[in-house]
Structure formats: C-alpha cells, structure tokens
Amino acid sequence: MKKRDIGLIGIVLLIAFLCWFIPYVRGQFTYEKAQLRITVDGEEYGVFSLEEDQVIRIGDTNVCEIKDGYVTMTEADCPDHLCMKQKRISKTGGTIVCLPNRVVLEIVSRESSEGPDVVAS
Amino acid sequence: MWWRHRERIRFKGSGVRLLRMQGDKDMKKTAYMGLFAAVAIIFGYVETLLPVFAGIPGIKLGLANLVTVILLYLFGWREAAVVSFIRILVIGFMFGNLFSILFSLAGAGLSLLVMVLLKKNGGFSVAGVSIAGGVTHNIGQILIAVCVVENVNLFYYLPVLLIAGLLTGLLIGILSGEIMKRIPGKDLT
C-alpha cells in the first residue's frame, strides 16, 4: 500500500459520503408523505399510497405488496429473482428494481410525484 | 533453434504459404492463458454459490477479478481483456442470461480500462489499482442499469456500491499482491 492508495480510498469514501449526505440533507430520505411509484420500461405504471395494505399486480410479470408502510416484490417471473431478495423499502429514495422485466418500484414524496421536473427518464 | 525455422507448406492451388512454427514461449503462454481462463471460470462459478449480500443485489466479491488483476500485472492488458471476455461469456451462458453478460461486460470493460490507465501512470500499488477497478466496475454496472430501466433514481445505490467496490477491490488487490509474490511470475512470461 502506497500513500496514493490511501488517497484513493479517501476520495472514494468522500464521494460515497457526499452521494449519501447531499440527498439526506435535502430531505430526500423521509417517511413523510411517501408514495410508491411503479415504473415499467421507463413509463409510469401507477402511484400508490403506502398507508393502505395492498397487493399490486404489475403487468403479467411481477407482483408487489404494500404492508405496514413497507414495499416488497413478492413475485417475479425472471430467472434470478434478485428483486424478490431485495430489502423492503419504506423511505423516499428506496428502490426495488427488476431488471429483466424493467420494473422499478420506488418511494417518492407526494410533491415530487406530481411535479414534472423530477420525473427522470 | 529448430523452432525458429520456417516451414513451407503447399496448399492445393494456392501456392506456397509460410507458416511459422509456434515458439516454445508462445506455447507456454497459451497454456497459462488457458489455465487462467479456467481458474477465472471456476471463481465465477464459486461466486454464484455464495448468497447475495444483505439485501443488496449485485454485490459480489469479484473473485474472478483476482485473475484479471494478476494477468494485467504478469502479462498485460490484452491478455487480461481476452481472459475476462471468455470468462464472462462462459459464466453468462452457464449461469446467467444476456442481461448478466451485458452487465458484466460493461463493468469489466470500464474497470479494466481504469486499471490499465492507473497502472501505467498512477504510481499506485496493486491494491490501489484493484480498488479503482472494483469501484469503476460497479459504476459501469449502475450506468447500464440506469440505461436499461430508464430511471436516474437508481443512483441512490451509488454510495453503497462505491463502498462495496472499495472493500472488494481492496481485498482482491491485497490477495493478488500476495499471490504474485509467491508464484514465480517471471517464468510465466
């Protein structure tokens, strides 16, 4: 290990910290006014409230469940099922992705799901 | 030396062509490349047996990158690239799908590029080069993921993936350094 290696580690840690800290300070990770937004193929499939428990079918490929304010992917027809192994999400900024089916579950705050400027594609 | 001689072989109707017999050195290198490719594929297989880390998919130890780093140092970037490519294709067709091949290629390509550049003119040790490789591997994959699902919010994963790339890269770098100290590297090339 040389000095430069340590420097590199420091830079990576700093970038990682900033990538987490800046959205955190801006209040993007909160429980308040959180909603579930489902996107398929880059197009919005629907926005759901986290307050009521429900099971949502996403096309023919995936099924996700809202329970006690937490969202999990319960079914997927893809071969690896990585999306079903992901942790349940509840805060804004949390995402569950099923790449083969191009399904994205994400928690957004109520304002940002209405504003056109935040929708990214 | 007998293998330096060029042999004339006559093909039907195509005149005379020259065929240089492979040198002893080349054959040795080819044999080692095959061995390294086999080891990389085995590492890739072993990794599919390990469970996904704590709820965060896509985080792997990157054992196969051990081979890439060692090849980069012992032979060069071409050999490292060829062996990585073979490993990704074989592992992809055996255990993954076209998606996983695409992801692996993006990550491996970007990380190899950065590792080559840092090794050439960075003044980093093996550990530093490997850390850069691990981190950029993950960045490459998240870039592809963002393109696939067309959703920029995936970058929320970035801090986790950066730290993961740092840790696995560091581990692989230290391991590669120790392995290269112990194997007779100069005999290989």
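Each chain has its residues counted from 1, running along the sequence as written. Chains and ligands are labelled sequentially in the order written, the chains with letters from A and the ligands with numbers from 1. Residue-level local features of this predicted model are given only where pLDDT is at least 70; pairs of side-chain atoms are given and counted only at 80 or more, and the full residue set underlies all totals for whole chains, interfaces and linings. The side-chain numbers reported here are obtained from all heavy atoms of the structure, hydrogens and water having been left aside.

Enquirer: Any chance you could explain helix 1 (residues 3-25) of chain A here in plain terms?
Expert: An α-helix turns once per 3.6 residues; consequently, residues spaced three or four apart project the same way. For helix 1 of chain A, which comprises 23 residues, the first-to-last C-alpha distance of 32 Å matches the rise-based estimate of 33 Å (1.5 Å per residue) to within 8%. Looking only at helix 1 of chain A, the buried set comprises A:Asp5, A:Leu8, A:Ile9, A:Val12, A:Ala16 and A:Pro23. Residue contacts are counted whenever heavy atoms from the two residues lie within 4.5 Å of one another. A run of H or I in DSSP becomes a helix once it reaches four residues, and a run of E becomes a strand once it reaches two; helices and strands are each numbered from the N terminus. Looking at the buried residues of helix 1 of chain A, the elements they touch are helix 5 (126-149) and helix 6 (158-182) of chain B. Here the expected span of a helix is defined as 1.5 Å times the quantity of residues minus one. Accessible area is worked out with a 1.4 Å probe on protein chains only. A residue is then buried under 20% of its type maximum, exposed over 50%, and partly exposed in between.

Enquirer: Can you walk me through the packing of helix 2 (residues 64-74) of chain B against helix 3 (residues 77-95) of chain B in this structure?
Expert: For any two helices packed against each other, one specifies the crossing angle of their axes together with the interaxial distance. Residues and elements named next belong to chain B. Running from amino to carboxyl end, helix 2 crosses helix 3 at an angle of 160°, the nearest separation of the two axes being 7 Å. Overall, the two elements helix 2 and helix 3 adopt an arrangement that is roughly antiparallel. Relative to helix 3, helix 2 is oriented so that their crossing is right-handed. Contact with helix 2, carried on its side by Ala64, Asn65, Val67, Thr68, Leu71 and Leu72, involves Trp77, Glu79, Ala80, Val83, Ser84 and Arg87 of helix 3 and no other residues of that element. Here the contact of helix 2 with helix 3 is composed, by residue class, of seven nonpolar, three polar and two charged. Fitted lines through C-alpha atoms give the axes, limited to the stretch in contact for helices. The angle between two N-to-C directions lies from 0 to 180 degrees. Here is the rule for angles: anything less than 35 degrees is roughly parallel, anything more than 145 is roughly antiparallel, 65 through 115 is roughly perpendicular, and the remaining ranges are oblique. Handedness of a crossing is defined here by the sense of rotation of the near helix relative to the far one, left-handed for an anticlockwise turn of less than a right angle and right-handed for a clockwise turn. Residues are grouped as follows: nonpolar covers Ala, Val, Leu, Ile, Met, Phe, Trp, Tyr, Cys and Pro; charged covers Asp, Glu, Lys and Arg; every other residue, Gly included, is treated as polar.

Enquirer: Honestly, the interface of chain A and chain B in this entry has me stumped. Any pointers?
Expert: Accessible area lost during the coming together of the parts is what is often quoted as the interface size. At the junction of the two partners, chain A supplies 34 residues and chain B supplies 33 residues. Polar contacts, as used here, are pairs of N or O atoms within 3.5 Å; protein pairs need one atom able to donate a hydrogen and one able to accept it. Residues neighboring in sequence count only if both atoms are side-chain atoms. If you look at where chain A meets chain B, you find two residue pairs in polar contact (both at pLDDT 80 or more). When residues of the side of chain A that touches chain B are traced back to their parent elements, those giving at least two are helix 1, strand 1 (34-40), helix 2 (82-85), strand 6 (95-98) and strand 7 (103-109) of chain A. Considering every element that reaches the side of chain A that touches chain B, the biggest residue donor is helix 1 of chain A, with 11 residues.

Enquirer: What should I look at first to understand the packing of aromatic side chains in this one?
Expert: Aromatic ring pairs are reported here in terms of the distance separating the ring centres and the angle at which the planes meet. All names here are of chain A. Stacked, tilted and edge-to-face are the three classes assigned to paired rings of Phe, Tyr and Trp, where Trp is represented by its six-membered ring and a pair needs centres within 6.5 Å; plane angles under 30 degrees give stacked, over 60 edge-to-face, the rest tilted. Across all of its chains, the model carries five aromatic pairs over all chains by this definition. Taken together, a centroid distance of 6.0 Å and an interplanar angle of 50° make the contact between Phe17 and Trp20 tilted. Within this pair, Phe17 and its partner Trp20 are both found in helix 1, separated by three residues, close to a single helical turn. Residue Trp20 is classed as partly exposed on the basis of its relative accessible area, which comes to 37%. For the pair Trp20 and Phe21, a centre-to-centre distance of 6.1 Å together with 45° between the ring planes defines the contact as tilted. Taken together through their ring pairs, the aromatic side chains of Phe17, Trp20 and Phe21 make up a single cluster.

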